[in-house]
Amino acid sequence: MAMDDLETRELRYFIAVAEELHFGRAAERLGMAQPPLSRAIQQLERRLGVRLLERNRRGVSLTGAGEMLLHEGRAALDAATAAARRTRRAGGADSSGGPRNRLVLAVKAGAFHELLHKLLDAYAAEPDAAEIEVLPSGTCEQEGMLRDGRADVALMHTPFNSLAGFDSEELMTEGQVAILPAGHPLAARSTLSLADVSDIPDLPLARWSRDGVYPPGPGPEIHDQTQLAQLIALGRTVAVFPESARAWLWAEHAAVPLTDAPPVVTHIAWPAHSRSLALAGLIRTATRL
């Protein structure tokens, strides 16, 4: 193996150690013994000619080179996983008697029903349209789904989603609303400000995870839209969503426009290197809506 070559196995080993900062826990996570894991990391350091980890009695920490490999290695593993997933989908369309070409579209659960319906109906009317599998996701999960190949294309919102590394087209812009229990005094207001909803006694803002980490705060940790809807209806939390979220509200909910919240822009986004003709057709349809 050349000095600069890296195997996906080596990257998985290193990333496990770098994330756990403990060889024993990393070995358990990988389902292997600790000694061969330690030897593999040492061999990787010798081949690259840099120290990736600092080891001492207090534990394990990353060097500057280790931080770089952790960042680049995650991206490389995502790219390898994405290539395998998208290749299998393409192979299914090529096989004898297999399904027609299929695209996986990641969308945030509960958002922009009207836009999604228009897009799916318009694309289905196109000649040789691919099959579209709609994959609902949590807030900000669409990025990861595009990067690791679980999705081929996504509807994403800025400023909540990052479009870095993707090609995209803007589809629509909308305001934001506060979603409160219908019986709360603030639900009777015609408008609210972000300050109004950021510190409501006994009604803390809901918290969504990003990359598996929840922001600090007293509000409940939200795992899915159904849980959020239930907690709002019970008077346990308040949430801020794009205007299109009105489509999934219950009778126990109220949506009040926010006067100072930044507008939310919906984009259709896809990997910059994509050469899929089916995907190109879906993008053309989306931009004509």
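- As annotated in an unreviewed UniProt entry, the protein chain carries the name LysR family transcriptional regulator and comes from Actinoallomurus spadix.
- Recorded in UniProt for the protein chain, the comment headed Sequence similarities (unreviewed entry) runs: "Belongs to the LysR transcriptional regulatory family."

Description of the overall build of the protein chain
Phase 1: When helices and strands are counted, the protein chain shows nine helices and 12 strands.
Phase 2: For the protein chain, the spread of C-alpha atoms along the three principal axes comes to 65 × 55 × 30 Å.
Phase 3: With 289 residues in all, the protein chain has 41% of them scored as buried.
Phase 4: Taking contacts inside the protein chain between residues at least 6 apart in sequence as the whole, the part at least 24 apart equals 65%.
Phase 5: Accessible surface, the protein chain: about 15,300 Å² in total, of which carbon and sulfur atoms supply 52%.
Phase 6: Here the protein chain holds 30 positive side-chain charges and 36 negative ones, and the gap between their average locations is 7 Å.

Description of the sheet that holds strand β7 (residues 176–181)
Phase 1: Spatially, β10-β7-β11 is the arrangement adopted by the three strands of the open sheet, whose pairing is antiparallel. The open sheet has two free edges, formed respectively by β10 (239–242) and β11 (253–257), since each of these has just one partner strand. Each adjacent strand pair in this sheet contributes to an overall mean axis angle of 35°, direction not counted.
Phase 2: Sheet analysis places β7 next to β11, joined by five bridges and oriented antiparallel. Considered in β11, the bridge of L180 is made with A254.

A closer look at helix α2 (residues 23–30)
Phase 1: Of the residues making up α2, those classed as buried are F23, A26 and A27. For α2, the angular spread of buried residues about the axis comes to 100°, placing them on one side.
Phase 2: In this structure, the buried side of α2 is in contact with α1 (8–20), α3 (34–48), β1 (53–56) and β2 (59–62).
Phase 3: Just downstream of α2, G31 is the residue with a positive phi angle, here 70°.

So, the pattern of salt bridges
Phase 1: The final tally for this structure, using the stated rule, is 16 salt bridges.
Phase 2: Linking R9 and E7 is a salt bridge whose minimum nitrogen-to-oxygen distance equals 3.0 Å.
Phase 3: Overall, R9 belongs to the partly exposed group, its relative accessible area being 35%.
Phase 4: Here E7 falls in the partly exposed class, since its relative accessible area comes to 31%.

A short note on the sheet that holds strand β6 (residues 166–174)
Phase 1: Pairing is mixed across the open sheet formed by five strands, whose spatial order is β4-β3-β5-β12-β6. Across the chains shown, the open sheet's two edge strands, defined by having one partner strand only, are β4 (131–137) and β6. Between one strand axis and the next, the sheet turns by 25° as a mean value, whatever way the strands run.
Phase 2: Contacts from helix α5 (residues 113–124) reach β3 (102–108), β4, β5 (153–158), β6 and β12 (264–271), with the element oriented near 170° to β3.

Section: the environment of I232
Phase 1: Along the chain, I232 turns up in helix α8 (residues 225–233).
Phase 2: Among all residues touching I232, those that are not within four sequence positions of it are I179, L180, P181, T237, A239 and H253.

A word on the UniProt feature "domain: HTH lysR-type" (unreviewed entry) in the protein chain
Phase 1: Here, UniProt's "domain: HTH lysR-type" (unreviewed entry) annotation points to residues 6–63.
Phase 2: For residues 6–63, helix accounts for 62% and strand for 14%, while the C-alpha atoms at its two ends are 19 Å apart.

Some details on the packing of aromatic side chains
Phase 1: Within this structure, the stated rule accounts for two aromatic pairs.
Phase 2: Their ring planes at 70° and their centres at 6.3 Å tell us that W208 and F241 sit as a pair that is edge-to-face. Highlighted residues: W208 in strand β8 (residues 207–208) and F241 in strand β10, separated in sequence by 33 residues.
Phase 3: Overall, F241 belongs to the buried group, its relative accessible area being 6%.
Phase 4: Ring geometry for F241 and W248: centres 5.4 Å apart, planes at 75°, overall edge-to-face.

Considering the nonpolar core
Phase 1: Core analysis: the biggest nonpolar cluster contains 21 residues, and F14, V17, F23, L37, I41 and L53 have the highest contact counts within it.
Phase 2: Among the secondary structure elements, those contributing two or more residues to this core are α1, α2, α3, β2 and α4 (64–94).
Phase 3: The greatest single-element share of this core, amounting to seven residues, is contributed by α1.
Phase 4: Once residues within four sequence positions are removed from consideration, L53 is found in contact with F14, V17, F23, I41, E45, V60, S61, L62 and T63.
Phase 5: In terms of nonpolar packing, the next biggest core, distinct from the first, is built from 17 residues, Y123, A129, L155 and L282 among them.

Thresholds applied
- Residues numbered from 1 in each chain as written.
- Predicted model: local features only at pLDDT ≥ 70, side-chain atom pairs only at ≥ 80, totals over all residues.
- Heavy atoms only, no water.
- UniProt positions renumbered as here; feature names shortened; annotations may be inferred.
- Helix = DSSP H or I, 4+ residues; strand = E, 2+ residues; numbered from the N terminus.
- Buried < 20%, exposed > 50% of the residue type's maximum accessible area, 1.4 Å probe, protein only.
- Contact = heavy atoms within 4.5 Å.
- Areas by Shrake-Rupley, 256 points an atom, 1.4 Å probe, with all protein chains shown as cover.
- Lys, Arg positive; Asp, Glu negative; His and termini not counted.
- Charge placed at Lys NZ, Arg CZ, Asp CG, Glu CD.
- Pairing = 2+ DSSP bridges.
- Axes fitted to C-alpha atoms, helices over the stretch in contact; angles between N-to-C directions.
- Arc of directions from axis to C-beta.
- Salt bridge = Lys/Arg side-chain N within 4 Å of Asp/Glu carboxyl O.
- Phe/Tyr/Trp six-rings, centres within 6.5 Å; stacked < 30°, edge-to-face > 60°.
- Core = buried A, V, L, I, M, F, W, Y, C linked by side-chain atoms within 4.5 Å.

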